[in-house]
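# Results of the structural survey
These are the residues of each chain, in order.
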Amino acid sequence: MVSSNRIRLKGGERLDVQDFFYDTYAGFTSFASKYIADVAICEDIVQDVFLAFYEKPRSFENLFQVKSFFYTSIRNHCLDHLKHQKVKDKYKEFQLKEDVEVDFFFAEILRVEAFNLVYKEVNKLPDAMKQVLLLALKDYSNSEIAEQVGIAVSTVKTHKARAYKILRKNLDSLMLFFISWLRGK
Amino acid sequence: MKLKDAIKKGIFLGKYITGKESREEELDLKNWVGEDPANKQLFDQLTSRSGIASQVEAYDNVNTPRAWNKYAERLRRYQLEKSLGRWRIAAILFFVIGIGGLVGNSMVDFIFKQTPENYTTITASNGQSSMITLPDQSTVWLNGGTTLTYNTAFFSQNREVRLDGEAFFQVTKQTAHPFVVQCNELNVRVLGTSFNVRSYAEDEMISVVLEEGAVELNTKKGNSRNYHLKPGEKADYSRIKKELSIHEVETSQYTSWKKGLLIFSDATMSEVVKKLERWYNVTIEVKNPQINNLLFNATILHEDIEDIMELIKFSCAINYDIVLSNDPDTPIQITMY
């Protein structure tokens, strides 16, 4: 029996299951948590789907199909769970407005795919710098950040300058540009 | 919107937030935002400073390394249960046939039995390869359809094994006790080294490939002679001509099977057929004898037999039929024509 983390998809693409797990696990869990509040249950569901994936990696053409399989399976597991738990209100909400659930499903996929990338970039930062970035994004002042992280205000400033480099420059002002661009259209 | 589009848009958005998007991706995103107020709302929410911070914090709450360990452990148990299921069947069969003590290592697929005369026989059946450790801590990989026998009682003084089939040996060094692999007509004598021996009873050739160290070959029939093999060399002994020839080779081609890799380099179809039969436990019938002389080149890792047949069909311009079976005791039958 030869076991390996590397598999080949039908289309020829290679996939390292461990890398894939590390890149997507938090995202999939966060995806499931929008259906089920209990994160422990969410993690169990994601793990179940990884096991199901292990059973049939060769039936997928490419990475898109693999991801589609994960999102669809996780969502179905979650809906099953809600049905089972007779969390009537929540489930009814999804069932009655099926088209709303579908929109929700797509919006959540979009969110998770986007933040899988963002999170990977943020995690390249050293711990203190990441902490500074998160507090700064939450509009903490430099002196508040300095106190929380336990570093000098001057260090906060340099950390902030370096940490912001992993994000688009002036996210907010670009929003303004967007609006003017939309109006012009 | 399709699922695939949602994934793509998500990736574009992730690149956008980290300032890595291309012109086309940016334009695509802008069009999407302009299409529907709901899209705009989602976009605004996800690209806002507080939105980014709260998403990152949600991801931070998940402990991925711990989850991976848990998953790996679940997977290990799952594989163990699967192979234990197989072992249960094997154990029942042996009980019925009445063969004595059966020791099973559930992580590898081989049959391990001890006869009253203190001989231990290990068999890897067709379609399975396995790794074992001998009493002297030497490691042996057995390829499909291989039997290895050794005397348990005397092994510590006399490191001798009998081989029918193909095995890769990684021998621990014991200067006082050389390690000998006995094939029908050839002995391979070593101190500490790694090498591959291929000696299937039904094949004409016995082949020894040396990866590391040094081995000594001794022909038993005809005029008995000793040969020395250097790393990177392969010895072929013809049982019919009783002749031994040595040449340099790319050793990985002959030893890669132990990693689950099958390499064919200018191999004749008759060689390919034999290897595939052992590797996949299938029977292959060649209708047109000219096929046997066709040459085939491929490196194969964990492919289904059907994929390999497709590959042969295209690269050698032949046709084949395949008869699958749900009964594990009836091998898959393939006809090439």
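What counts as what
- Residues numbered from 1 in each chain as written.
- Chains lettered and ligands numbered in written order.
- Predicted model: local features only at pLDDT ≥ 70, side-chain atom pairs only at ≥ 80, totals over all residues.
- Heavy atoms only, no water.
- Helix = DSSP H or I, 4+ residues; strand = E, 2+ residues; numbered from the N terminus.
- Buried < 20%, exposed > 50% of the residue type's maximum accessible area, 1.4 Å probe, protein only.
- Contact = heavy atoms within 4.5 Å.
- Areas by Shrake-Rupley, 256 points an atom, 1.4 Å probe, with all protein chains shown as cover.
- Pairing = 2+ DSSP bridges.
- Axes fitted to C-alpha atoms, helices over the stretch in contact; angles between N-to-C directions.
- Expected span 1.5 Å × (residues − 1).
- Arc of directions from axis to C-beta.
- Buried area = accessible area lost by both parts, 1.4 Å probe.
- Salt bridge = Lys/Arg side-chain N within 4 Å of Asp/Glu carboxyl O.
- Polar contact = N/O pair within 3.5 Å; in protein donor to acceptor, adjacent residues only side chain to side chain.
- Nonpolar A, V, L, I, M, F, W, Y, C, P; charged D, E, K, R; others polar.

Let us look at the overall build of chain B. Each helix and strand in chain B was counted, giving eight helices and 19 strands. Taking all 337 residues of chain B together, the buried fraction comes to 44%. Considering only contacts within chain B whose residues lie at least 6 apart along the sequence, 43% involve residues at least 24 apart. When the accessible surface of chain B is totalled, it reaches about 17,200 Å², and 51% of it is carbon and sulfur.

With that settled, the discussion passes to unusual backbone geometry. Even without being glycine, Asp139(A) reaches a positive phi, approximately 65 degrees. Tracing the chain through its elements places Asp139(A) in the loop between helix H6 (127-137) and helix H7 (142-149). A positive phi angle is found at Lys242(B), which is not glycine, with a value near 60 degrees. Along the chain, the position of Lys242(B) falls in the loop between strand E13 (233-238) and strand E14 (243-248).

Residue and element names in this part refer to chain B. Across the six residues that make up strand E9 (residues 194-199), a large majority, six, are buried. The sheet contact formed by strand E6 (residues 159-170) and E9 spans six bridges and is antiparallel. Following the sheet pairing, glycine 165 is matched in E9 by serine 199. In terms of strand pairing, E9 meets strand E10 (residues 205-212) through five bridges, oriented antiparallel. What sits directly across from arginine 198, in E10, is serine 207. Counting the residues in the hairpin turn of E9 and E10 gives five residues.

Moving on, we get to the sheet that holds strand E16 (residues 282-286) of chain B. All names here are of chain B. Reading across from one edge, E16-E19-E18 is the order of the three strands in this open sheet, with mixed pairing throughout. Of all the strands in the sheet, the pair left with one neighbour each is E16 and strand E18 (320-323). The average undirected angle you get between the axes of adjacent strands in this sheet is 15 degrees. Pairing of E16 with strand E19 (residues 332-336) involves five bridges; the strand directions are parallel. When the sheet's bridge partners are listed, isoleucine 284 is paired in E19 with isoleucine 334. The sheet strands contacting helix H7 (residues 269-280) are E16 and E19, and the helix crosses E16 at an angle near 160 degrees.

Residue and element names in this part refer to chain A. Between its first and last C-alpha, helix H8 (residues 153-164) extends 16 Å over 12 residues, near the 16 Å set by a 1.5 Å rise per residue. Those residues of H8 that sit buried are Val156, His159 and Ala163. End-on, the buried residues of H8 take up no more than an arc of 70 degrees, which puts them together on one face. The exposed residues of H8 that point more than 90 degrees off its buried face are Ser154 and Arg162.

Turning to the interface of chain A and chain B, a few remarks are in order. Counting residues at the interface gives 66 residues for chain A, matched by 63 residues for chain B. Buried area between chain A and chain B, summed over both chains or domains, comes out near 6,200 Å², and the portion from carbon and sulfur atoms is 66%. As a salt-bridge pair, Asp44(A) and Lys70(B) come within 3.3 Å of each other at their nearest N and O atoms. Where chain A meets chain B, there are 18 residue pairs in polar contact (both at pLDDT 80 or more). Secondary-structure elements contributing two or more residues to the side of chain A that touches chain B are helix H1 (17-33), helix H2 (39-55), helix H3 (63-84), helix H5 (98-122), H6 and helix H9 (171-184) of chain A. At 16 residues, H5(A) tops the list of elements feeding residues into the side of chain A that touches chain B. Per-class residue counts for the side of chain A that touches chain B are 38 nonpolar, 12 polar and 16 charged.

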